[in-house]
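# Coordinate analysis (summary)
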Amino acid sequence: MNNIKNMKRKLFFVLLMVMPLCAMAKQVVIQTRSLSLVINANEGHQPRYVYFGQKLSPSELEALPAPVSGRMDVYPPYGMWPQSAAAVSLRHADGNLTTQLYLTEVKQEGDKTTFTLKDPQYPTTVNVYFLARPDVDMIETWTDITNGEKQTVTLLQFASGVLPIRRGEVWMSHLYGSWANEGRLVQEPVSQGIKMITNHDGARNSHTDHAEVMFSLDGRPQELSGDVIGAALCYWGNYKLKVVTDDTEYHYFFAGIDEENSEYHLKKGETFTTPHLALTFSKEGLSGVSRNFHRWGRKYMLANGQTERKILLNSWEGVYFDINQQGMDQMMADIASMGGELFVMDDGWFGDKYPRKVDNSSLGDWVVDKTKLPEGIEGLLRDAKKHGIKFGIWIEPEMANTVSELYEKHPDWVIKAPKRDLALGRGGTQVVLDLCNPKVQDFVFGIVDNLMTKYPEIDYIKWDANAPIMNHGSQYLPMADQSHLYIDYHRGLEKVCQRIRAKYPTLTIQACASGGGRANWGLLPYFDEFWVSDNTDALQRIYMQWGTSYFFPAIAMASHISATPNHTVYRTTSLKFRIDVAMSGRLGMEIQPKNMTEEEKDLCRKAIAEYKQVRPIVQFGDIYRLLSPYDHKGLASLMYVTEQKDKAVFYWWKTEQFQNEHLPRIKMAGLDPTATYRVHELNRIDLQPLSCEGKTFTGAFLMNHGLEMPYTHNVEWGKKNNWSSRVLLLERN
Ligand code: DGJ
């Protein structure tokens, strides 16, 4: 019976692969391990969405009814019935603003499906692609728009994709924020009207809203249950996510490059490719969608996503611009003595004619300041070797200061609006290089290439970007194409990144942009991680890292232990609390170790050793968010579980401290209910071990009941403070 079913199923898919399109409605099925996306394809019509969700069986597919209402077109063009939102809009060479796109061909090759659409009156071709990532339950969609007309056509709208979402009780979860407050979670019902999420920074992308969103389909979002659609636009320039709700049965989700002030002129024969929009679905709530994003991200997107990250010390919060050789040597010795594996020298090491003393000069002059570092980078690499650690360096390659030799030589290389004064950023002198210009692209590539050619032992680069595009103008683009600035800047930047990655595939590169301004899947194929925020206050980080973890895995989230009072919020948290929070991401330190006591160093030494033990679980494990800090229950908790469910790390952070308070007991998740797990507390500071220490519990007990955690730490009187947190390692017996 099963064999017959299998044969039928195979035949069905073989037919889908090879069957030429015939006049009758054809069901195109795009599948992953647990998802189905079904599109009805009729030659001479727009392909229409039929279904997206949990995987359907062949018999369910056969019986699948088409939606009875709603606008289900896969890529609706603008013009005919212009009341409805469109995915693509163009002005044809003759001025016609209407486009019609009808299916001429469907191709399924391996995991890729291509729908070719053509306008019956104009030689405009649009290919709509769907790429299934079967093993990680992700489907990426994007389009190619080709101008076959004899003259230039103008693209006015160019979404990457559209998805109708059936009305019901749909809630949206997405991230907003600002400098030092990135990745804040907001959850709201989707209601009548238009909800728009945009980014207009030009250079960075995640200081405002994020380009990712989740839709909970059955009411108020739940972490561990409920149907959820996830969507991530892989684009680090200006973008727009839009949900249109009118008087039909569907919400219409659109995502793509923001076309505002960016109309694009497509010459004869040219093709415009839109960024990928990644779509997923889970029946296991928000955390289920996060797990899909994390698995897909690590496997297909993130640079070196399968390699463990090193534990590092970054110099910024320790010394800021006060770089000198002796100081760097001391920091390297300290991090090495605590078990760290890498030291990163941040801003302040460069500039010859204009040495970088503060933030108002030298960007662009990537030569060592010999007064600060008489033995140059060679000396630093030698010292790193002496301490048995690796060395990394900070650069801000897309930027210049007007006080720099670079700007003196090439004032035409910076972004500047015609007939306007320069717009100046950080330090009153910062400008953005015009990456539309191929010469600038070569220069930016050369910054990394020169460093790596001269010093191949450099292990890590922190790539910063501390300015938005501050005025709309390219000195390279012709006046008629000034509207290409935002898009061509990103194309230029991407070309540079591609060249860097082709030559230096294993170099670790961090995306930093005034903190967490660059958390996006469009850039992560070129970067190994991103700096979550310049705000390293452990309490606020719980909120920011919580939100960020919706779409990004811990391996990509740089999370550092820093000094108190914290340099942005001035809060004093305990070192144990700071460690326990930093340990839930890619652990590092951002501190002057020479100001730490021996006892503090010992605690960090212990934490680093224990992090090494749990690093594969944190960096490659599946996330289960258990209690949200945004629920304001005085507590936040999450855990990572290995794919084999043999090990897990459980985090428990108190977010408030009151006398006689009442906190919920946390039920764990993601474990094997039939297995037994031994519990061991990490980073322990208490005089007595926890009552669960060394004991074993079944996965079922831990998930149905959970463990009680004492609300305060049992430490000597003089060491008591108002911070409390626990990290537990669970290992299957
Ligand atoms: C902004 C970054 O977010 C910081 O970590 C630091 O690198 C500074 N720039 C240096 O100027």
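One structure accompanies this document, and this report is about it. Throughout this description, residue numbers start from 1 for each chain and increase along the sequence as written. Where totals are concerned, whole chains, interfaces and linings use all residues; where local detail is concerned, this predicted model gives features only for residues with pLDDT of at least 70, and gives and counts side-chain atom pairs only at 80 or more. The side-chain quantities take in all heavy atoms of the structure and omit both hydrogens and water.

### Considerations on empty space enclosed by the protein
Note on definitions: the grid is 1 Å and covers protein atoms alone; a cavity is a set of points where a 1.4 Å probe fits but cannot get out; a pocket is an open set with protein on both sides within 12 Å along at least five of seven lines; lining residues have an atom within 4 Å of a point. Grid points are joined across faces, edges and corners, and a volume is the space filled by probe spheres set on the points. On inspection of all chains with the given rule, the structure shows 7 cavities of 30 Å³ or more. Its boundaries defined by the atoms lining it, the largest cavity holds a volume of some 90 Å³. For the largest cavity, the full set of lining residues is A86, A87, Q157, F158, A159, K240, K242, F254, A255, G256, I257 and E259. Strands here mean DSSP runs of E at least two residues long; helices mean DSSP runs of H or I at least four residues long; both are numbered from the N terminus. Looking at the lining of the largest cavity, the elements that each hand over two or more residues are β9 (153-166), β15 (239-245) and β16 (250-257). No other element matches β16, which puts 4 residues into the lining of the largest cavity. Across the lining of the largest cavity, the residue classes tally to 7 nonpolar, 2 polar and 3 charged. Within this model, the second largest cavity holds a volume of roughly 80 Å³. Three classes are used, and their members are as follows: Ala, Val, Leu, Ile, Met, Phe, Trp, Tyr, Cys and Pro are nonpolar, Asp, Glu, Lys and Arg are charged, and the others, Gly among them, are polar.

### A short note on the sheet that holds strand β1 (residues 26-31)
Here, strands pair whenever DSSP counts at least two bridges between them. Across the sheet, which stays open at both edges, the 3 strands sit in the order β1-β2-β3 with antiparallel pairing between neighbours. In this open sheet, the two strands that pair with only one neighbour each are β1 and β3 (48-54). With strand direction ignored, the average angle separating the axes of adjacent strands in the sheet is 15 degrees. Two strands pair when backbone bridges link them, and β1 and strand β2 (residues 35-41) are joined in this way by 6 bridges, in the antiparallel orientation. Within β2, the position partnered with V29 by the bridge is V38. Note on geometry: axes are lines fitted to C-alpha atoms, helical ones only across the stretch in contact, with angles between N-to-C directions running from 0 to 180 degrees.

### So, the packing of aromatic side chains
Aromatic rings considered in pairs are described by the distance between their centres and by the relative angle of their planes. Ring geometry is summarised as follows: Phe, Tyr and Trp rings, the Trp one being its six-membered ring, pair when their centres sit within 6.5 Å, and such pairs are stacked at plane angles under 30 degrees, edge-to-face over 60 and tilted between the two. As enumerated under the stated definition, the model contains 28 aromatic pairs in all. Centroid distance W316 to Y320: 5.0 Å. Interplanar angle 80 degrees. Geometry classified as edge-to-face. Since its relative accessible area comes to 31%, Y320 is described here as partly exposed. Pairing F343 with F391 gives two aromatic rings, centres 6.5 Å apart and planes at 40 degrees, and the pair type is tilted. With F343 in strand β21 (residues 342-345) and F391 in strand β22 (residues 390-395), this pair connects stretches of sequence that are 48 residues apart. F391 gets classed as buried once you look at its relative accessible area, which sits at 1%. Members of the aromatic cluster, connected to one another through ring pairs, are F293, W296, W521, F530, Y550, F551 and F552. Criterion for a charge above a ring: Arg CZ or Lys NZ at most 6 Å from the ring centre, at most 35 degrees from the ring normal. Just above the ring of F254 sits the side chain of K242; from NZ or CZ to the centre is 5.1 Å. The cationic tip of R541 hangs over the ring face of W531; the distance from NZ or CZ to the ring centre is 4.8 Å. Only protein chains enter the accessibility calculation, which uses a 1.4 Å probe; a residue is then buried when its area is under 20% of its type maximum, exposed when over 50%, and partly exposed in between.

### What about the nonpolar core?
The nonpolar side chains of a soluble globular protein tend to be buried, and buried together. Definition of nonpolar core: a set of buried residues of the types Ala, Val, Leu, Ile, Met, Phe, Trp, Tyr and Cys, connected through side-chain atoms within 4.5 Å. With 133 residues, the main nonpolar core has W349 and F391 as its most contacted residues. Counting residues per element, this core draws most heavily on helix α12 (residues 598-620), which supplies 8 residues.

### Concerning the environment of K462
Among the secondary structure elements, K462 is positioned in strand β25 (residues 458-463). K462 sits 18 residues away from A480 along the chain, and the two C-alpha atoms are 36 Å apart. Here K462 is in contact with N314, V344, D346, I393, W394, I395, Q510 and C512, once residues within four sequence places are set aside. Throughout, a contact is declared for two residues whenever any of their heavy atoms are within 4.5 Å.

### Considering the pairing of strand β5 (residues 102-109)
As defined by bridge partners, β5 adjoins strand β6 (residues 112-118) across 7 bridges and the pair is classed as antiparallel. From the neighbouring strand, Q108 faces β6, where its bridge partner is T113. Between β5 and β6, which pair antiparallel in sequence order, lie 2 residues; one of them, G110, sits at a positive phi of approximately 60 degrees.

### Observations concerning the environment of P478
When you line up the elements, P478 lands in the loop between β25 and α9 (485-503). Spatially, the C-alpha atoms of P478 and T402 are 24 Å apart, while their sequence positions differ by 76 residues.

### A word on the site of the ligand
What surrounds the ligand is a group of 13 residues, the closest being D346, D347, K462, D464 and D534. Distance and chemistry together define a polar contact, namely a pair of N or O atoms within 3.5 Å, with one atom able to donate a hydrogen and the other to accept it when in protein, and with adjacent residues in sequence counting only for side-chain atoms on both sides. Between W394 and the ligand, the recorded distance is 3.1 Å, taken from a side-chain N or O atom to an oxygen atom. One of the backbone N or O atoms of G515 is found 2.8 Å from an oxygen atom in the ligand. Computed with the Shrake-Rupley method and a 1.4 Å probe, the accessible areas treat only the protein chains shown as cover for residues. Protein chains bury 98% of the 290 Å² of accessible surface belonging to the ligand in isolation. Tallied by class, residues from the shell around the ligand come to 4 nonpolar, 3 polar and 6 charged. Residues are classed as near a molecule or strand on a simple rule: at least one heavy atom within 4 Å of it.

### What to know about the layout of surface pockets
What the largest pocket holds in volume is close to 610 Å³. Lining the largest pocket are 24 residues; nearest its centre among them are E599, L603, I685, K719 and N721. Of all the secondary-structure elements, those providing two or more residues to the lining of the largest pocket are α11 (575-582) and α12. With 5 residues, α12 is the single largest residue contributor to the lining of the largest pocket. Considering only residue class, the lining of the largest pocket consists of 6 nonpolar, 8 polar and 10 charged.

### Quick word on the pattern of salt bridges
A carboxyl oxygen of Asp or Glu within 4 Å of a side-chain nitrogen of Lys or Arg is what we treat as a salt bridge. A full pass over the atoms with the stated rule returns 44 salt bridges. Across the salt bridge formed by E188 and K195, the nearest N and O atoms sit 3.0 Å from each other. The residue R291 makes a salt bridge to E284 at a minimum N-O spacing of 2.7 Å. R291 gets classed as buried once you look at its relative accessible area, which sits at 4%. On the basis of relative accessible area, E284 is assigned to the partly exposed category, the value being 44%. Members of the salt-bridge network, linked through shared partners, are D329, E375, R382, D383 and K386.

### Points about α11
Of all 8 residues in α11, 8 are buried; the element is thus mostly enclosed. When we look at burial in α11, the residues that qualify are L575, K576, F577, R578, I579, D580, V581 and A582.

### Some remarks on the packing of helix α8 (residues 438-454) against α9
At a minimum axis separation of 9 Å, α8 and α9 run at an interaxial angle of 30 degrees. Of the possible angle classes, the one that applies to α8 and α9 is roughly parallel. Judged by the twist between their axes, the crossing of α8 over α9 is right-handed. Two secondary-structure elements touch here, α8 through Q441, D442, V444, F445, V448 and D449 and α9 through G492, K495, V496, R499, I500 and K503. Any angle that is under 35 degrees is reported as roughly parallel, and any over 145 degrees as roughly antiparallel; angles of 65 to 115 degrees are reported as roughly perpendicular and all others as oblique. For any helix crossing, the convention is left-handed if the near helix is rotated counterclockwise from the far helix by under a right angle, and right-handed if that rotation is clockwise.

### A word on the packing of helix α10 (residues 538-548) against α11
In contact at an axis separation of 9 Å, α10 and α11 are set at 15 degrees when each is read in the N-to-C sense. Relative to α11, the element α10 lies roughly parallel. Here α10 and α11 pass one another in a crossing that is left-handed. Of the residues in α11, those in contact with A538, L539, R541, I542 and Q545 of α10 are F577, R578 and V581. Looking at the contact of α10 with α11 residue by residue, the classes come out as 5 nonpolar, 1 polar and 2 charged.

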